[in-house]
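Architecture and fold: a report
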Amino acid sequence: MKYKFEHLNKTHTVEIKKSDGGYQVTIDKKDYDIVNYSGHDNIVSFKLNKELNNIYYAQAGDTIYLAVGGDYYSLVLERGNVFKGTGAQVQKGDSVQSLMPGLLVKIMVAVGDDVKEGTTLAIVEAMKMQNELRAPRDGIVKRINYKEGDQVEALKPLVELEILKND
Amino acid sequence: MKYKFEHLNKTHTVEIKKSDGGYQVTIDKKDYDIVNYSGHDNIVSFKLNKELNNIYYAQAGDTIYLAVGGDYYSLVLERGNVFKGTGAQVQKGDSVQSLMPGLLVKIMVAVGDDVKEGTTLAIVEAMKMQNELRAPRDGIVKRINYKEGDQVEALKPLVELEILKND
Amino acid sequence: MFKKILIANRGEIAIRIARACHEMDISTIGVYSTVDANSRHLWHMDETVCIGEPAPQASYLNIKTIIEQARRTGAQAIHPGYGFLAENALFVKACEDAGIVFIGPSSKAMILVGDKVASRNTVKRVDVPIIPGMEASSTDLAAYRSMADQVGYPVIVKASMGGGGKGMRIVRSEKELEPSIAAGQREAQSAFGDATVYLEKYIQNPRHIEFQVIRDTHGNVVHLYERECSIQRRHQKIIEETPSPALDNVLRAKMGDAAKSVIKAADYTNAGTVEFLVDHNMKFYFLEVNARVQVEHPITEMVTGVDIVRHQILIAAGGELEFRQKDISQRGHAIESRIYAEDPDSNFMPSPGKILFLLEPSGPGIRVDSGIYQGWDVPPHYDPILSKLVTLAETREISIARMSKALENYIILGIKTNIGFLKRIVDTEKFITGEYDTHFIDDNEEALIPQHDKITQALVAASLVKTTRNAVFAVQSVAKSGQVRHAMTPWQELGHWEICSR
Amino acid sequence: MFKKILIANRGEIAIRIARACHEMDISTIGVYSTVDANSRHLWHMDETVCIGEPAPQASYLNIKTIIEQARRTGAQAIHPGYGFLAENALFVKACEDAGIVFIGPSSKAMILVGDKVASRNTVKRVDVPIIPGMEASSTDLAAYRSMADQVGYPVIVKASMGGGGKGMRIVRSEKELEPSIAAGQREAQSAFGDATVYLEKYIQNPRHIEFQVIRDTHGNVVHLYERECSIQRRHQKIIEETPSPALDNVLRAKMGDAAKSVIKAADYTNAGTVEFLVDHNMKFYFLEVNARVQVEHPITEMVTGVDIVRHQILIAAGGELEFRQKDISQRGHAIESRIYAEDPDSNFMPSPGKILFLLEPSGPGIRVDSGIYQGWDVPPHYDPILSKLVTLAETREISIARMSKALENYIILGIKTNIGFLKRIVDTEKFITGEYDTHFIDDNEEALIPQHDKITQALVAASLVKTTRNAVFAVQSVAKSGQVRHAMTPWQELGHWEICSR
């Protein structure tokens, strides 16, 4: 079997096959011998380079979450069109939205304002932490869909921009 | 919905239907009003007679296991032919077997012996506890399938009897 | 003693309080916002009441509704926990007016210690050293500017009603002063509903050491020794320990006495904490009084054997302390790590979501005060604290080793947490030697960044899971749904044991 | 200090020992029988070795294999835990011969205290009171009969190599004597591989109180106070507490001194326990020495703050105790409940099988030493102990309340356990007043029988689950299998919160 896993924007290619007494795993072209494998509902154990590993895991959709000796990994199995957002905001065409639902603490711009890339447009607070939403590119504020004090939803356009063609 | 649950050899009939603001549950012909129900993967909460209950549960096959404020229940949903054994041995025709796998500590009879109902035939040890297997009826020992010191399997005939017709 | 207490909080602290109540045979009323209808603290309550929409202002900060529900349910007292209304003098006053006992200080003491400027003046009168700074807040920028000039930069902007680092800003030069004050005011308004800020001289690289004090209404006052709280990220404590590796017994006794005189001077009753900064010359300065049970109270409970929450309730009911200062000693060494739903790989962005798998550590010297469960959706509306992991051991060295192992065995999958980050902290040389101050996190950034040097093991595990486990899962799921096969006895299922396959 | 220790045990005690090792930077070698390949103790090991078939004789009691594997893996020491080989002098000798440190007493001391008859003689020499009985065992029934006549019935048959109630039989009249000796011999043979039994005067309704002693190889000896172990079922302790509600400080000091002189007289080193019976006149009698770490050691750790397993290792490595008797005091009150896989509804029949759901209690003053996990199949081959729940609180009253609540919050579903039975014990008036003896369980049978008076709630819950939950389960299972839907962020999944529905 061959898999591609994404971890923090890096893709790793993993090939796994049965071998005498275990598995051979090839990661990014390097070979590893796996012996003494045993798998349970949420934990797998195996020896790699003579070291015993007990690794907890859980899965949701294409993401597999792993705890490896106090270190944590979220690997996303790549199969075509996978959601990759990890930053505090995502861009959808010409709008800016919060990745988290939260309280709209402050709107820093008004409709018609000319904004430069990086200008703070609004501040959203979630889990007692404030996040600044910044303009992804230069543009003009076309529409603002919430008012200060509103609870904003995740991934819903908050400030819509008319992006200036830069050609 | 109507259910029959068996608990410690007693069958309870339960009928449940939606009501205004909750459920009406009829147990063995007595009515109960259930309000403020919420259900999760392994816990259900509801109010019964104004008391709040948080009850943990898990299911396997037709058995539902419940923890109710420090008290434990195993309810078996009845649908036809359900396994009901709870004693330390079960009878299958003319043989005696251990309900648990364990170590055959002692065989008290030999082939050809005439045994009375209640005679101890063998002693099996499991989890550091010794269990005596007794003759379910009068009979003659026809066959013994293990020897002392053997690890016996669960529900496999250990001592076979020729049951005397009592007519 | 009270028969019924309303717990005006959520999460691990609500559960902590409910436990103390039940042990004293007091029944508990839990409150929740609509988003918390499935939260674990409700499982520990005898009665539960929905108090409004998710936004804190609409529920956990809604004084009117909470007082109303306490009355309706017949609660004789309210325990506020920490955060939310815990240090809100208006709430304390509302309780007093409604004839409900507030488990904490009187509104008068709360107002005094809650006002950082007023409390500085009180403390000065009993000769406890304070940090040079403003005696009063101001609306005039010039006043701030002249104070900053007087004590010398760097200075620090603080919320007058604050706590927990909210509203704080360090100002290193005059040109930063105005924007820092504005930012501090905005955060203070949002966090405490009061925009008042004031200025203090900024102590460079201090240690943050606080003393737990407990005082009954009969005039008995006892301190329960110190907590070292210098491991902070963005002014937020994340690891605390006691005893402090910095104090000797002479200084410890001196600071303990100072803490008690502050509490007495404020006529403060119930449990309270006196915070100090300690500079590199081991000179200490009064910082503020925290008028609540603190997040980090468990480490004190573990080394002194005193149950702080239980005593809060006893004192609120008019009881007299059954011990004196000489009866209290420190035994062993305790450390607390705060487990937060935040992502160290993404600048500690909050990480709410569904907990897919949970395994909490247990065993000798391990205490977990947890507010979560497997399958729970952590909502995004509140503080990201999930639980607190506390270790107690004979020595500091063993307590650190125990914490490191316990963190490794604290498995939360499905959301991001700071567990790995905490483990890297307790594993650093600087933490182990105890030579750290409040700048520890910034100074050791390199060592604390996730290295992800076990990516190979993770990828091997993931590919093994994908190859061998997902099929098995499907079968298991069917069995779990209770729809399928005839019940087998466990005995019948035996027989397919692996043979020496590990 | 050792670099590698082999832990010749399984379950919770193997995990307890592994924790101590890791905290001391010692790596661990775990052993397992084929049926234990999936057992939790292996997760706590740095290396694991399969030592044979499930039958204890073939694996955990297999001296040759265990010594061989210790040699092969380079273990410098072996910790035996309790049960299995822990008190087997042949094993201790085999370790000594192989140059591997046995973490426990020398084979010489083990032989002495392991022989109940020889140890009685040793104890008599240091003027510690013993129960009247045989000075030697015999193969002649007449000798037993004359001894019984001499001390008067009732008498008790005991296994010479015994412990934990195995092989014991109370004999109330001469006609019961012969069959009881035969039964005791059979059980002794099966449990300890030695059929030798002896007779003692049977003390009516005694309390069972033991003292934990610790002695290094440099002659330092300290007792860590008592454990009250009178709550027993079929001579098996199930609940222990410390301090004992029966002792005053004078008797406590006297018994502590007696315990230390027994240990010194036997030239016993490492941790050991001296068991006493205390009769209704508060007269105490030496019973036996338990030459191992005991199941109930955690309660001593909690009230004294001393880590017993850690000190076992330190002493075995030649270390000197860093404390003296005056440094040790009791603080607070600790209780332990042993969680067993057995069915109180079916005469406590063992109940192995699959654990479908597990939630262990946690929080202030709660310690869980657990050897299980959700999804594990508890095998039928070994002792039914699953875990130990320990509470510590300021007072006995609060410790009992804490235990009662913690038991209620200890959820094990899928197999039968004694949790409900334990809760009923700590809830009885007699337990709460502390007026109990070793006959408590028999005397209070009525109150301890499961009433199942919450069957209505159980049936309501079951019908709600069947009606509303099983469909949801099916969906969940699919999601869990990782086969289906496109990954959604947790944010996208928000929005279907229940509105004040509780």
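The preceding data block contains the structure.
Here's a quick rundown of the structure. Numbering of residues starts from 1 in every chain and runs along the sequence as written. The lettering of chains begins at A and the numbering of ligands begins at 1, in the order of writing. For a predicted model such as this one, the threshold for reporting local features is a pLDDT of at least 70, and the threshold for listing and counting side-chain atom pairs is 80 or more; totals across whole chains, interfaces and linings nevertheless cover every residue. Side-chain measures were taken over the full set of non-hydrogen atoms in the model, leaving aside hydrogen atoms and water.

A few words now on the interface of chain A and chain C. Contact residues are listed per partner, giving 61 residues for chain A and 60 residues for chain C. A quick way to say it: buried area is the sum, across both parts, of accessible area lost when two parts are put together, with a 1.4 Å probe. For the chain A face of the interface with chain C, the top three residues by lost area are Tyr72(A), Met127(A) and Lys128(A), together amounting to 15%. Basic side-chain nitrogens of Lys or Arg form a salt bridge, by our definition, when they fall within 4 Å of a carboxyl oxygen of Asp or Glu. Across the chain A-chain C interface, the total number found is 0 salt bridges. As used in this structure description, the phrase polar contact means that two N or O atoms lie within 3.5 Å; if the pair is within protein, one of them must be able to donate a hydrogen and the other to accept it, and residues adjacent in sequence are counted only when both atoms belong to side chains. Inspection of the chain A/chain C interface yields 9 residue pairs in polar contact (both at pLDDT 80 or more). In terms of residues, the side of chain A that touches chain C owes the most to one element, strand S6 (residues 51–60) of chain A, which gives 9 residues. All residues other than Ala, Val, Leu, Ile, Met, Phe, Trp, Tyr, Cys, Pro, Asp, Glu, Lys and Arg, Gly among them, are scored as polar; the first ten of these are nonpolar and the last four charged. Taken together, the residues of the side of chain A that touches chain C sort by class into 38 nonpolar, 18 polar and 5 charged. Only heavy atoms enter the contact rule, under which two residues are in contact if any of them lie within 4.5 Å. For the purposes of this entry, the term helix denotes a DSSP run of H or I that reaches at least four residues, the term strand denotes a run of E that reaches at least two, and both are numbered from the N terminus.

In this section: a negative patch on the surface. Any residue with relative accessible area above 30% and no salt bridge may belong to a patch, with like charges joined within 9 Å and the nonpolar Val, Leu, Ile, Met, Phe, Trp and Tyr side chains within 5 Å. Under the convention used here, a 1.4 Å probe and the Shrake-Rupley method define accessible areas, while residue burial counts only the protein chains that appear. In this charge count, Lys and Arg are treated as positive and Asp and Glu as negative; neither His nor the chain ends contribute. By convention, charge coordinates are those of NZ in Lys, CZ in Arg, CG in Asp, or CD in Glu. Residues Asp113(A), Asp114(A), Glu117(A) and Asp138(A) make up a contiguous surface patch of negative charge. Residue placement: Asp114(A) occurs in strand S12 (residues 114–115).

All names here are of chain C. Turning to its location among the elements, Ser 387 is positioned in strand S21 (residues 385–393). Remark: exposure states derive from per-residue accessible area (1.4 Å probe, protein chains only) relative to the maximum for the residue type, with buried under 20%, exposed over 50%, and partly exposed in between. By relative accessible area, which is 0% here, Ser 387 ends up buried. Here Tyr 410 takes part through its side chain, which lies 2.5 Å from a polar atom of the side chain of Ser 387. Not counting residues up to four positions away in its chain, the partners in contact with Ser 387 are Ser 337, Arg 338, Ile 339, Asp 369, Ser 370, Gly 371 and Tyr 410.

All names here are of chain C. Whether two strands pair comes down to DSSP finding at least two bridges between them. Taken in spatial order, the 5 strands line up as S3-S2-S1-S4-S5 in an open sheet, and their pairing is parallel. Taken across any chain shown, the strands that pair with only one partner, and hence form the sheet edges, are strand S3 (47–52) and strand S5 (101–102). Bridge analysis of strand S1 (residues 4–7) against strand S4 (residues 77–79) gives 3 bridges, and the strand direction is parallel. Counted as the bridge partner of Ile 7 is His 79 from S4.

A few words on the pairing of strand S13 (residues 284–290) of chain D. Burial runs high along S13(D): 7 of the 7 residues are buried. Linking strand S12 (residues 270–278) of chain D to S13(D), which pair antiparallel, is a turn of 5 residues; within it Met282(D) sits at a positive phi near 60 degrees.

Centres within 6.5 Å are what make two rings of Phe, Tyr or Trp a pair, Trp counting through its six-membered ring; a difference in plane orientation under 30 degrees is then read as stacked, over 60 as edge-to-face, and the rest as tilted. Per the stated rule, a full pass over the model turns up 30 aromatic pairs over all chains. Centre to centre, the rings of Tyr60(C) and Tyr382(C) are 5.4 Å apart; their planes meet at 85 degrees, and the pair counts as edge-to-face. Here Tyr60(C), found in the loop between S3 and helix H2 (63–73), pairs with Tyr382(C), found in the loop between strand S20 (377–378) and S21; they are 322 residues apart in sequence, far enough to count as distant. Residue Tyr60(C) is classed as buried on the basis of its relative accessible area of 0%. Only lysine NZ and arginine CZ atoms are considered, and such an atom sits over a ring when it is within 6 Å of the ring centre and within 35 degrees of the ring normal. One Lys or Arg, Arg396(C), reaches over the ring of Phe431(C) and ends 5.3 Å from the middle of that ring. Lying across the ring of Tyr436(D), Arg207(D) places its NZ or CZ 4.7 Å from the centre.

Residue and element names in this part refer to chain B. Summarising the sheet, strand S1 (residues 2–7) and strand S2 (residues 10–19) pair through 6 bridges and their orientation is antiparallel. When the bridges of S2 are listed, Lys 4 appears paired with Thr 13. The loop that links S2 with its antiparallel partner strand S3 (residues 22–27) comprises 2 residues; one of these, Gly 21, has a positive phi angle of about 75 degrees.

Residues and elements named next belong to chain D. By the secondary structure assignment, Val 101 is in strand S5 (residues 101–102). In this structure Val 101 comes out as partly exposed when scored by relative accessible area, which is 28%. Spatially, the C-alpha atoms of Val 101 and Asn 409 are 41 Å apart, while their sequence positions differ by 308 residues.

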